[in-house]
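Residue strings, one per chain:
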Amino acid sequence: MDMDLKSFIGGCLGGFAGIVSSYPFDTLKVRIQNQHRHELKYSGSMDCLSLILRKESASALYKGMSSPLVGSMFINAVLFGVEENVRKMLHLNDPKYRTSDKTREFYELYAVSGAIAGLTQSFLLSPVELVKIRMQIPGCHYQSTWCCVKDILKNHNLRHLFRGTWLTVLRDVPAVSSYFVSFEYICNSYRISRDNLPVLHLLMAGGIAGCFSWLITYPIDVIKTRFQADESYSSVKECLKKALSTEGNKVLFRGLAPTLLRAFPNNAAVFATVNLFNRLMNNLDPDDNYESNTTTIPSYPNLHFFIDTYDMHR
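Each chain has its residues counted from 1, running along the sequence as written. Local features in this predicted model are restricted to residues of pLDDT 70 or higher, and side-chain atom pairs are both shown and tallied only at a pLDDT of 80 or more, whereas totals for entire chains, interfaces and linings draw on every residue. Remark: hydrogens and water are excluded; side-chain values derive from all non-hydrogen atoms of the structure.

## Observations regarding the overall build of the chain
Counting its secondary structure elements, the chain contains eleven helices and zero strands. The secondary structure listing takes helices from DSSP runs of H or I that are at least 4 residues long and strands from runs of E that are at least 2 residues long, numbered from the N terminus. Along the chain, from the amino end to the carboxyl end, the secondary structure elements read α-α-α-α-α-α-α-α-α-α-α. A total of about 15000 Å² of accessible surface is found on the chain, and carbon and sulfur atoms cover 64% of it. Computed with a 1.4 Å probe, the accessible areas rest on the Shrake-Rupley method; for each residue, only the protein chains presented here act as cover.

## Some points on the nonpolar core
A general feature of soluble globular proteins is that nonpolar side chains tend to end up buried together. Counting 29 residues, the largest nonpolar core has Phe80, Leu92, Phe180 and Phe183 as its most contacted members. Contributions of two or more residues to this core are made by helix H3 (66-89), helix H4 (104-136), helix H6 (165-189), helix H7 (199-215) and helix H10 (256-284). If one sorts the elements of this core by residue count, H6 sits on top with seven residues. Residue contacts follow a heavy-atom distance rule, with two residues in contact if any of their heavy atoms lie within 4.5 Å. When near neighbours in sequence (up to four residues on either side) are disregarded, Phe180 contacts Leu79, Phe80, Glu83, Tyr110, Gly114 and Phe271. We define the nonpolar core as a collection of buried residues of types Ala, Val, Leu, Ile, Met, Phe, Trp, Tyr and Cys that are connected through side-chain atoms lying within 4.5 Å of one another. Per-residue accessibility, obtained with a 1.4 Å probe over protein chains only, is compared with the maximum for each type, and a residue is labelled buried under 20%, exposed over 50%, and partly exposed between these values. Among the nonpolar cores identified, the runner-up in size contains nine residues, and Met135, Tyr142, Cys148 and Val149 belong to it.

## A look at the packing of helix H1 (residues 6-33) against H4
Describing two packed helices takes the angle between their axes plus the distance from one axis to the other. Helix axes are fitted only over the stretch in contact, all axes being lines through C-alpha atoms; the angle between N-to-C directions runs from 0 to 180 degrees. At a closest axis distance of 10 Å, the pairing of H1 and H4 adopts a crossing angle of 75 degrees. The angle between H1 and H4 falls in the class roughly perpendicular. Judged by residue contacts, Tyr23, Asp26, Thr27, Val30 and Arg31 of H1 engage Lys132, Ile133 and Gln136 from H4. Throughout, the ten residues Ala, Val, Leu, Ile, Met, Phe, Trp, Tyr, Cys and Pro are labelled nonpolar, Asp, Glu, Lys and Arg are labelled charged, and all others, Gly among them, are labelled polar. In the contact of H1 with H4, the residues fall into three nonpolar, two polar and three charged. By the definition adopted for this analysis, an angle is roughly parallel if under 35 degrees, roughly antiparallel if over 145, roughly perpendicular if from 65 to 115, and oblique otherwise.

## Thoughts on the packing of aromatic side chains
What counts as a ring pair is set by centres within 6.5 Å for rings of Phe, Tyr and Trp (its six-membered ring), and what kind of pair is set by the plane angle: stacked under 30 degrees, edge-to-face over 60, tilted for all other angles. Following the criterion strictly, the structure yields eleven aromatic pairs and no others. Three or more aromatic residues joined by ring pairs make a cluster, and in this case those are Phe80, Tyr179, Phe180, Phe183 and Phe271.

## Some points on helix H2 (residues 45-55)
Taken together, the buried positions of H2 are occupied by Ser45, Cys48, Leu51 and Ile52. The buried residues of H2 all sit within an arc of 135 degrees when viewed along its axis, so they share a single face. Facing away from the buried surface of H2 by more than 90 degrees, the exposed residues are Met46 and Arg54. Contacts from the buried residues of H2 go to H1 and H10. This arc is built from the directions going out from the helix axis to the C-beta atoms.

## A look at the environment of Val78
Positionally, Val78 belongs in helix H3. Its relative accessible area of 12% is what places Val78 among the buried residues. Residues within four places of Val78 in sequence aside, it is in contact with Phe8, Thr120 and Leu124.

Right, here's the structure in full:
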């Protein structure tokens, strides 16, 4: 396989930039999501922020960051690496797809590559998020991420780290698919070559794509956060039923504001970093620019069959 390793490295750098630029917003999101109606501590994002700064310290906003920082670098490397290589296997870099007017088929196949990347990401991301959530909730007694992991393994087992994984899959497959498609659509709407696209345009496209992907899957994330944070729930169904019966449908959108505040800078930084890294690599090695060189793309008979079958059912 002609594996594109640059996309893995770019994703790693993008993951680092995204977490550093947005982690405090994630802490606000988790705390607001995890409160219940009978014990509401925060009236909103600003109230949550002011209480943390007043009763704890600014460092509390970054508590538990080491796990998602390392995890995000690895997971984004996998996410962008898988997505890029699946796109190559689906021949989305072929000349017929590199016209200024993208077809419906192009975006549908792009959605497939994003969905596969999201599925792959889910199994890696779920345990990282479980540890992060346990570290972020009020009253956390863990001194470090490693202490949290050791406690989970001691009192439960390795399988417990993957609690809520299928909720992560249910969230990430449509979210990541829409994430890449919307970013590509916005960038194409500028009618400027990707190598000449200004950084501000990349930041805007990445930020909007990130917010859109969260909007369509946010209720799933609320239930996932509660299920991973509270061990008293024996099933996802019990968690959802209790949330809706005691707090109503509005609970599914609790914490949306800090989530979107976090999503914009995070994904703006991720996509801008990845694209600028790819641009740098393409300038250093123009002959290896995937956008202009398709002679090294291998043949995948099974994927040719998939594409032919896909076209027959369109």
